[in-house]
Amino acid sequence: MNPKTRIKWLVSILLLALAALGGLWFVTAPGREAAQRGGEKPIILGFAQLGSESGWRIGNSRSVAQAAEKAGIQLMERNAEQKQENQIKALRSFIAYQVDVIAFSPIVEDGWDNVLREAKEAGIPVICSDRSVNVEDDSLVACFVGSDFYAEGQRAGQFLLRKMEGVPGPIRVAEISGTLDSTPQRDRARGFRDVIAQDERFEIVYSKSGDFLRSLGREVMKDILRSEKIDVLYSHNDAMTLGAVEAIEEAGLAPGQDIVIITVDGEQGAIDLLKQGRINCVVECTPMLGDLIMQLAQKLAAGQEVPRLIYSEEEVFTEFDEDLLSIPPRGY
Ligand code: GYE
């Protein structure tokens, strides 16, 4: 063997040894925990998070990680950095690894049929958490756990009807929407429109996506201020609203007074602005879904039936509330 070939051989053997060790770790890590928990094999949950675009999302990831630890569930988490193709790759890696259950927050509703069929063929039940999918065969998903975004949109509209009681029209509304074709974007838009359509004074004069990002919320708001005279801003999440408030103040206007502001999520930052009168209404949407996801994962791993739809209970915080100061810390 010449020296070059010998080096190649040595490197290959080293790599093989490392790969074997790595594999061993993956297989034995759950076993180690199982031993601590009295021998029973822990459930492996593959969780494909869609990104880190907002405080809401960070709170959601934290809730899932903490709940998995509490429940003794082995979590394999992948973050898709806002790209559907990454999320599909993550799902395929969970299928290849043969996890017991998959949970994921689909970034948009369409385009999941193939990969979900693969999961079904592999016998892995899938939980949609936070957002849902639009698939031909409903049996590809075991259940949905998250918020009723249509109801959230309606709550935003109902606040506006109350706020504008007796104000003569036209009332000009701008909307900064979330990621296009995602469940919260579609349903928050629809619920809001269905409510304000009952009153002819309201006119949506502008609507554009800010992709649920603070930076884009600010940009879109600047564009609104350049092109329209508006009375109301309806923003699909707090991150974009915080950016929009900055743009409004930079333009020398008073958010909450010159422009009525309605936002969704209930992050601490938005609640603080509500208390200061710089936001008028915060529609709550809770990211604390971890415990529910773990309970569902346990049932599904045991082959039990679960309800198809689980909505979180949520409320609305508005300038009309008397006890705004007593809202406990939000935790996200
Ligand atoms: O409102 C927003 C996040 O899907 C409900 O996504 C979630 C939304 C939430 O980026 O802040």
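Report follows, based on the coordinates. Predicted model, so just to flag it, every value in this text is computed and none were measured.

Moving on, we come to the layout of surface pockets. Of the voids in this model, the largest pocket is the one considered here, and its volume is about 330 Å³. Lining the largest pocket are 19 residues, with Ser-132, Val-133, Phe-144, Arg-308 and Leu-309 sitting closest to its centre. When contributions to the lining of the largest pocket are tallied by element, the ones reaching two or more residues are β5 (143-146), α5 (149-163), α6 (183-196) and β11 (309-311). A breakdown of the residues in the lining of the largest pocket according to their chemical character gives ten nonpolar, four polar and five charged. The two domains that each donate at least three residues to the lining of the largest pocket are domain 1 (3-146 + 288-301) and domain 2 (149-285 + 317-326).

Glu-53, Asp-130, Arg-131, Asn-237 and Asp-265 are the nearest of the 13 residues found near the ligand. In this structure, an oxygen atom belonging to the ligand sits 2.8 Å away from a side-chain N or O atom of Asp-130. Side-chain polar atom of Asp-265 to an oxygen atom of the ligand: 2.6 Å apart, as the coordinates give it. Given that more than half its atoms are within 2 Å of the pocket grid, the ligand belongs to the largest cavity. Partitioned by chemical class, the residues of the shell around the ligand number five nonpolar, two polar and six charged.

What counts and what doesn't
- Residues numbered from 1 in each chain as written.
- Predicted model: local features only at pLDDT ≥ 70, side-chain atom pairs only at ≥ 80, totals over all residues.
- Heavy atoms only, no water.
- 1 Å grid on protein atoms, 1.4 Å probe; cavity = no way out; pocket = protein on both sides within 12 Å on 5 of 7 lines; lining within 4 Å.
- Points joined across faces, edges and corners; volume = space filled by probe spheres on them.
- Helix = DSSP H or I, 4+ residues; strand = E, 2+ residues; numbered from the N terminus.
- Nonpolar A, V, L, I, M, F, W, Y, C, P; charged D, E, K, R; others polar.
- Domains from an automatic or database assignment.
- Near = heavy atom within 4 Å.
- Polar contact = N/O pair within 3.5 Å; in protein donor to acceptor, adjacent residues only side chain to side chain.
- Sits in = over half its atoms within 2 Å of the grid points.

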